[in-house]
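Chain and residue survey
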Amino acid sequence: MREGIHPEYRPVVFRDRAADYAFLTRSTMTSERTIEWEDGQTYPVVDVEISNVSHPFYTGTARVLDTAGRVERFERRYGKRGGA
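Our subject in this report is the structure included herewith. Since this is a predicted model, take the numbers as computed values, not measurements.

1. Side note on the overall build of the chain
The helix and strand tally for the chain stands at 2 helices and 4 strands. For the chain, the sequential pattern of α-helices and β-strands runs β-β-β-β-α-α. Split into buried and exposed, the 84 residues of the chain put 15% on the buried side. Considering only residue pairs separated by 6 or more positions, the chain has 31% of its internal contacts joining residues 24 or more positions apart.

Here is the structure:
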């Protein structure tokens, strides 16, 4: 790899404030704010709006739409398509 063209890859804490959850990983993201982690080290912290802890798909709170009911209601209202 060429020297001097890649951003610095370092440990960063991502924090989901809605779920009160944070995790430490490596990233090229930067932040002016820092946080002291469980290991006693200070890391930059990036706040995110949603993570796997608060996302409806991963938490099982996702709603399934009743598309069959919508199709039947449309066909009742406007009739079925012709065969041609």
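2. Side note on the sheet that holds strand β1 (residues 10–16)
Strand pairing within a sheet occurs via backbone hydrogen bonds; the two strands may be parallel or antiparallel. Read from one edge to the other, the open sheet built from 4 strands follows the order β2-β1-β4-β3, with strand pairing classed as mixed. Looking at which strands have only one partner, the edges of the open sheet turn out to be β2 (21–27) and β3 (34–36). Within this sheet the neighbouring strands show an average axis-to-axis angle of 45°, counted without direction. Both β1 and strand β4 (residues 42–48) contribute to a ladder of 4 bridges, which runs parallel. Within the sheet, the bridge partner assigned to F14 lies in β4 and is V46.

3. Brief notes about the pairing of β1
Among the 7 residues in β1, 6 count as buried, and that is most of the element. Bridge analysis of β1 against β2 gives 7 bridges, and the strand direction is antiparallel. Looking at β2, one finds that V13 is bridged to L24. Here β1 folds back onto β2, and the loop between the two strands holds 4 residues, one of which, D20, carries a positive phi near 55°.

4. A word on the environment of V45
Tracing the chain through its elements places V45 in strand β4. Judged by relative accessible area, which is 1%, V45 ranks as buried. Along the sequence, V45 and T30 sit 15 residues apart, while their C-alpha atoms lie 8.1 Å from each other. Every residue in contact with V45, bar those within four places of it in the chain, is listed here: V13, R15, S31, R33, T34 and I35.

How each quantity is defined
- Residues numbered from 1 in each chain as written.
- Predicted model: local features only at pLDDT ≥ 70, side-chain atom pairs only at ≥ 80, totals over all residues.
- Heavy atoms only, no water.
- Helix = DSSP H or I, 4+ residues; strand = E, 2+ residues; numbered from the N terminus.
- Buried < 20%, exposed > 50% of the residue type's maximum accessible area, 1.4 Å probe, protein only.
- Contact = heavy atoms within 4.5 Å.
- Pairing = 2+ DSSP bridges.
- Axes fitted to C-alpha atoms, helices over the stretch in contact; angles between N-to-C directions.

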